[in-house]
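Results of the structural survey
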Amino acid sequence: MTIRIGGVCVIVAVLGILIYLVGVVLPLFAGASVSVAASYPLLDPAAAGGLLFAAVDEHLQTGIYALADGEILAFEAATGRVLARDRALRTGPRITAFARSAVGEAVVYGFADGTLRPGRLGFAAVLDDSGSRSINPVISIEDAWRVAADGDPITLLDYHEQELQNRLVVYSAGG
């Protein structure tokens, strides 16, 4: 009886594949469980009522939220540690409207004095010299644009950012 070397290699390869498949498929029949990876309070219940926007980056490393009182806060998603805080919008007129583009990181704030301020709230990936990736928050709010008469509060905003065209719809209390 003669066995060819090629036949033995095929048998060994098929057995190797079967062992690999059993190792991959067998855990699928084990029971699954879900647990909380991290839990911490970001906002007290009173502040949570004024939440305008909240997001976490796709790698679940960094989060950001904006409140109706003008505070913008970036935090480490695993621990809740504050990374950046911007309170520039708290010093001006009262925020009366907010919109975020469904695509991208663009936001627009409307104010009680008839102005609006566009900006960006999001994330940027940064590689250091060793090739390690980190996610940094992006908080950028532009200067005010006058869009309604002074004292005519902005009541509704809608913003759509697209590749070729951006659309901003503004409605003030005075129509």
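Residues numbered from 1 in each chain as written. Predicted model: local features only at pLDDT ≥ 70, side-chain atom pairs only at ≥ 80, totals over all residues. Heavy atoms only, no water.

1. Considerations on the overall build of the protein
Of the regular secondary structure elements, the protein holds 2 helices and 11 strands. N-terminal to C-terminal, the α/β element order of the protein is α-α-β-β-β-β-β-β-β-β-β-β-β. For 175 residues, the compact-globule estimate of 2.2 N^0.38 gives 16 Å, and the protein exceeds it by more than 25% at 26 Å. Oriented by its inertia axes, the alpha-carbon framework of the protein measures out at about 100 × 40 × 35 Å. Looking at the protein as a whole, 28% of its 175 residues are labelled buried. In the protein, the proportion of contacts linking residues at least 24 apart, taken out of those at least 6 apart, comes to 40%. If you average the places of the 12 positive and of the 18 negative side-chain charges in the protein, the two averages end up 4 Å apart. (Helix = DSSP H or I, 4+ residues; strand = E, 2+ residues; numbered from the N terminus. Rg over C-alpha atoms; globule rule 2.2 N^0.38 Å. Buried < 20%, exposed > 50% of the residue type's maximum accessible area, 1.4 Å probe, protein only. Contact = heavy atoms within 4.5 Å. Lys, Arg positive; Asp, Glu negative; His and termini not counted. Charge placed at Lys NZ, Arg CZ, Asp CG, Glu CD.)

2. Here's the deal with the environment of L43
Its place among the elements puts L43 in the loop between α1 (5-25) and α2 (45-48). L43 sits in the partly exposed class, given a relative accessible area of 24%. Sequence-distant contacts of L43, that is, excluding residues within four places in its chain, are made with A48, L51, Y65 and L67.

3. Comments concerning the pattern of salt bridges
Enumeration over the complete set of coordinates arrives at 7 salt bridges. Ionic pairing is found between D69 and R90, a salt bridge with its closest N-O pair at 3.2 Å. Separated by 21 residues along the polypeptide, D69 in the loop between β2 (62-67) and β3 (72-76) and R90 in the loop between β4 (82-86) and β5 (95-100) bring together distant segments of the chain. Classification of D69 as partly exposed rests on a relative accessible area of 38%. (Salt bridge = Lys/Arg side-chain N within 4 Å of Asp/Glu carboxyl O.)

4. Some words on the pairing of strand β7 (residues 115-127)
As paired strands, strand β6 (residues 106-111) and β7 are joined by 5 bridges and run antiparallel to one another. Residue pairing across strands places G110 opposite L116, the latter belonging to β7. The turn linking β6 back onto β7 is made up of 3 residues, and G114 within it adopts a positive phi angle of 90°. Direction of pairing for β7 relative to strand β9 (residues 145-146): antiparallel, over a ladder of 2 bridges. Counterpart to L116 in the pairing with β9 is W145. (Pairing = 2+ DSSP bridges.)

5. Points about the side chain of T62
Structurally, T62 can be placed in strand β2. A distance of 2.9 Å separates a polar side-chain atom of T62 from the backbone oxygen of I135. Dropping the residues within four chain positions of it, T62 is found in contact with A55, V56, D57, F75, A77, L83, F123, I135 and P137. (Polar contact = N/O pair within 3.5 Å; in protein donor to acceptor, adjacent residues only side chain to side chain.)

6. Points about the pairing of β2
Summarising burial for β2: 6 of the 6 residues are buried, a large majority. Neither face of β2 is open: one carries T62, I64 and A66, the other G63, Y65 and L67, and all of them are buried. Sheet topology note: the strand β1 (residues 51-56)/β2 ladder contains 5 bridges and is antiparallel. Paired with F53 across the strands is A66, a residue of β2.

7. Considering unusual backbone geometry
The phi angle at L60 is positive, at roughly 55°, despite the residue not being glycine. Secondary-structure assignment places L60 in the loop between β1 and β2. On the accessibility criterion, L60 (61% relative accessible area) is exposed.

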